[in-house]
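Fold and geometry: a report
Listed below, chain by chain, are the residues.
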Amino acid sequence: MAKLRIRKSNHAMNRSLGGDIGINAVLLIMGAFMFLPMLYTILQSLKPLDELWMYPPRFFVRNPTLGNFKTLFNLMSTSWVPFSRYIFNTAFVSVLGTFGNVMLSSMAAYSIAKMKFPGKNFLFQVVVYSLMFHSTVTAITNFYTMSMLRLVDTYWARIIPACATSMGLYLMKQFMDTSVPTTVLESARLDGASEIRVFWQIAMPMVKPAWLTLIVFCFKDLWNAGSSIYIYSEQFKSFNYAIQQIVTGGISRQGAGAASTVIMMMVPILVFVFTQSNIIETMSTSGMKD
Amino acid sequence: MSQKTETANRPVSRKDMTKWQWTLKEMKNNKAGYFMLAPFYIIFFVFTILPVILSIFFSITDFNMLETPNIVWFDNYIRLFLDDDIFMLAIKNTLVFATITGPGSYLLSLIMAWFINELPPKIRALMTLIFYAPSISGNVYLVWTYIFSADAHGFINGTLMDLGLLTTPIAFLKDPDYIMPIVIIVALWTSLGTSFLTFIAGFQVVDRSLYEAAAVDGVKNRWQELWYITLPYMRPQMLFGAVMAITQSFGFGAVITGLVGYPSPDYCAHTIMHHLDDYGGSRFEMGYASTIAVVLFFMMIGSNMLVRKILGKVGK
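Residues numbered from 1 in each chain as written. Chains lettered and ligands numbered in written order. Predicted model: local features only at pLDDT ≥ 70, side-chain atom pairs only at ≥ 80, totals over all residues. Heavy atoms only, no water.

Describing helix H2 (residues 19-29) of chain B
All names here are of chain B. If you check which residues of H2 are buried, you get Trp22, Thr23 and Glu26. The arc that holds the buried residues of H2, viewed along the axis, is 100°, so those residues lie on one side. Exposed residues lying more than 90 degrees from the buried face of H2 are Trp20, Leu24 and Lys28. (Buried < 20%, exposed > 50% of the residue type's maximum accessible area, 1.4 Å probe, protein only. Helix = DSSP H or I, 4+ residues; strand = E, 2+ residues; numbered from the N terminus. Arc of directions from axis to C-beta.)

Structural data, given as structure tokens:
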């Protein structure tokens with residue numbers, strides 16, 4: 001398996017002091033640009049009402065309170081569709097979509113990376129080209145396809161397309177290319193194991209970083225999904241959509257808005273913190289050939 | 001090893017068969033492979049490839065989801081390019097927006113990843129998190145609406161007024177002069193995503209001994225090291241990162257709408273993505289929307305091809 005090289009010292013021979021200072025200065029400035037708005041969101045969510053409307057506005061909070069979170073939960077309990085329903089919708093779609101994507105992508109990636117048959121290079125190239133266009137291009141036409149398949153306004157409209165992402169297949173295939181040794185698979189085949197068993201019992205355990213990465217990428221997309229043009233019934237809408245509706249209900253809800261953003265952003269960030277090293281390992285194999 | 005088993009399994013050698021016979025036989029021998037990729041490729045085809053084909057077909061019709069479509073050939077394209085002033089504005093805005101955020105995000109990702117790579121491992125992990133977090137945090141970019149809020153309670157207006165630099169607040173997100181620069185800054189802020197992680201990973205796998213060899217060969221400083229060794233070594237990651245950055249730069253419609261609303265004042269931040277949403281999502285003019293989608297599709301593919309060519313020159 002690919003092991004990451006950890007650099008022991010950053011004082012290599014051809015590092016000038018001036019360069020070190022410059023690099024750290026740029027990192028500090030850019031780091032502040034990236035981090036301060038995130039911090040500001042968290043601080044806003046902790047500010048009591050009078051501090052939110054204080055003049056001049058302050059960056060830091062003086063009397064932190066969880067009042068905004070309480071307001072948010074009170075607003076949630078007054079919603080027309082029970083709020084637990086929205087949470088269930090997002091959880092259901094995220095879990096099923098992520099699971100489906102990991103299974104289908106890795107199965108297809110395995111056969112492309114580790115088996116030989118006519119057409120596999122063509123099939124992979126199609127996926128590589130599809131990485132080049134954003135899903136906004138396909139969204140409108142997909143509405144037509146979905147309505148033909150009677151998927152509009154069901155959970156499946158969000159789950160099924162999420163099950164086969166070009167990113168999923170691409171990352172899985174690239175990772176399997178470098179970290180699953182073909183000889184191991186050969187010997188299992190000679191022992192009479194079927195392809196599906198070789199895939200499931202030998203290849204899959206070897207590519208744990210790749211499927212963890214896929215879980216994170218796929219989960220964060222589905223978790224962050226707001227309103228969808230494929231869904232119009234209130235009881236199928238997502239948690240993110242519902243929370244947006246609450247907080248756009250007036251200027252007095254700015255604090256609750258910040259609180260909801262904090263809740264929404266904590267989940268993907270925590271997931272990333274625990275999987276970072278696996279993700280970096282996967283991305284190191286993601287390179288594309290000329 | 002494979003040579004022997006192959007001849008044992010196959011009584012007829014390849015020479016005796018036509019190309020088609022050989023292909024058919026290979027396909028039969030590898031049924032399992034096709035079964036394993038079928039579920040993925042069926043869904044992938046229906047929801048990713050078919051829409052492109054359908055768009056091209058719909059774009060020459062007047063399809064509206066209700067009536068049977070008539071073929072109108074190039075009427076949609078003519079209307080789009082000659083009669084639709086807002087579309088012209090959208091093309092201009094999209095090009096401005098994409099040519100700044102695409103390369104901007106790419107260079108920012110690359111340079112930041114390079115700098116971060118010089119740090120010790122623990123700090124490196126923390127900095128990676130800080131730079132990556134805005135891109136995965138859903139709609140956290142809405143915090144910029146507080147920062148640029150149009151009244152004295154907005155962070156920037158309030159602070160400037162308190163310092164006496166400003167007497168009346170500036171309506172940052174309503175004034176066409178400010179909107180484009182602000183949405184570009186916010187888009188860049190959320191753009192250190194997949195390509196950034198790819199570069200972080202790419203820098204870590206460069207073979208260490210190459211640097212030592214290069215130092216002996218007379219590479220003097222870190223810039224030369226980057227240009228002559230690191231970048232050529234991680235060209236595959238750079239290509240993948242470019243694809244991600246370009247694709248992403250055409251997908252910021254939601255960020256723009258979140259910041260300045262839809263439609264934006266004077267359509268000053270109206271992009272092709274918005275135009276597409278307008279005709280497809282609200283007016284259900286499928287034929288016309290498909291025409292817009294086809295144009296957008298070729299813009300994306302075209303810019304990707306162009307950038308591939310340019311990146312082929314790195315380190316040469």
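Considering the interface of chain B and chain A
On the side of chain A, 106 residues touch chain B, which itself brings 111 residues to the contact. Between chain B and chain A, a total of about 9500 Å² is buried, with carbon and sulfur atoms accounting for 73% of that surface. Inspection of the region where chain B meets chain A yields one salt bridge. At the boundary of chain B and chain A, one finds 16 residue pairs in polar contact (both at pLDDT 80 or more). For the side of chain B that touches chain A, the leading source of residues is helix H3 (residues 31-58) of chain B, giving 20 residues. A per-class count over the side of chain B that touches chain A returns 75 nonpolar, 25 polar and eleven charged. (Contact = heavy atoms within 4.5 Å. Buried area = accessible area lost by both parts, 1.4 Å probe. Salt bridge = Lys/Arg side-chain N within 4 Å of Asp/Glu carboxyl O. Polar contact = N/O pair within 3.5 Å; in protein donor to acceptor, adjacent residues only side chain to side chain. Nonpolar A, V, L, I, M, F, W, Y, C, P; charged D, E, K, R; others polar.)

Observations concerning unusual backbone geometry
Cis geometry marks the peptide bond from Tyr262 of chain B to Pro263 of chain B, where omega comes out at -5°. Here Pro263 of chain B shows up in the loop between helix H14 (253-260) and helix H15 (272-282). Non-glycine residue Arg150 of chain A carries a positive phi angle of around 55°. Look at Arg150 of chain A and you get exposed, because its relative accessible area is 71%.

Section: the packing of H3 of chain B against helix H16 (residues 286-311) of chain B
Working note: a packed helix pair is described by the angle between its axes plus the distance between those axes. All names here are of chain B. One can describe the packing of H3 onto H16 by two numbers: an axis separation of 8 Å at closest approach and a directional angle of 120°. In this view, H3 runs oblique relative to H16, as classed from their interaxial angle. Remark: the crossing between H3 and H16 carries left-handed chirality. Judged by residue contacts, Val52, Ser55, Ile56 and Phe58 of H3 engage Met286, Gly287, Ser290, Ala293, Val294 and Phe297 from H16. Broken down by class, the residue content of the contact of H3 with H16 amounts to seven nonpolar, three polar and no charged. (Axes fitted to C-alpha atoms, helices over the stretch in contact; angles between N-to-C directions. Parallel < 35°, antiparallel > 145°, perpendicular 65-115°, else oblique. Left-handed = near helix turned anticlockwise from the far one by under 90°.)

Overview of the domain arrangement of chain B
Note: interface size is frequently given as the accessible area lost on complex formation between the parts. Residues and elements named next belong to chain B. When cut into domains, chain B gives domain 1 (14-58) and domain 2 (78-311). The interface of domain 1 with domain 2 comprises four residues on the first partner and six residues on the second. For the pair domain 1 and domain 2, the two sides together bury roughly 410 Å², of which 79% comes from carbon and sulfur. Our count for the domain 1 to domain 2 interface comes out at zero salt bridges. Inspection of the region where domain 1 meets domain 2 yields zero residue pairs in polar contact (both at pLDDT 80 or more). Residue composition of the side of domain 1 that touches domain 2, grouped by class: three nonpolar, one polar and no charged. (Domains from an automatic or database assignment.)

So, the state of the cysteines
With the rule as written, the count across this model stands at zero disulfides over all chains. Distance from the sulfur of Cys163 of chain A, which forms no disulfide, to the nearest cysteine sulfur (Cys218 of chain A) is 7.7 Å. (Disulfide = S-S within 2.5 Å.)

Regarding the packing of aromatic side chains
In the structure shown here, the tally under the stated rule is 42 aromatic pairs over all chains. Arranged with centres 5.8 Å apart and planes meeting at 80°, the rings of Tyr41 of chain B and Phe44 of chain B form a pair that is edge-to-face. In this pair, Tyr41 of chain B and Phe44 of chain B are both assigned in helix H3, three residues apart and thus about one turn of the helix distant. Summarising the burial analysis for this pair, Tyr41 of chain B and Phe44 of chain B share the class buried. Between the aromatic rings of Phe172 of chain B and Tyr178 of chain B, the centroid separation amounts to 5.2 Å while the plane-to-plane angle is 80°, which identifies the pairing as edge-to-face. Judged by its relative accessible area of 6%, Phe172 of chain B is buried. Tyr178 of chain B sits in the partly exposed class, given a relative accessible area of 32%. In this structure an aromatic cluster arises from ring pairing among Phe33 of chain A together with Trp144, Phe148, Phe172, Tyr178 and Trp189 of chain B. Between Lys173 of chain A and the ring centre of Phe124 of chain A, over which it is positioned, the NZ or CZ distance is 4.2 Å. (Phe/Tyr/Trp six-rings, centres within 6.5 Å; stacked < 30°, edge-to-face > 60°. Lys NZ or Arg CZ within 6 Å of the ring centre and 35° of its normal.)

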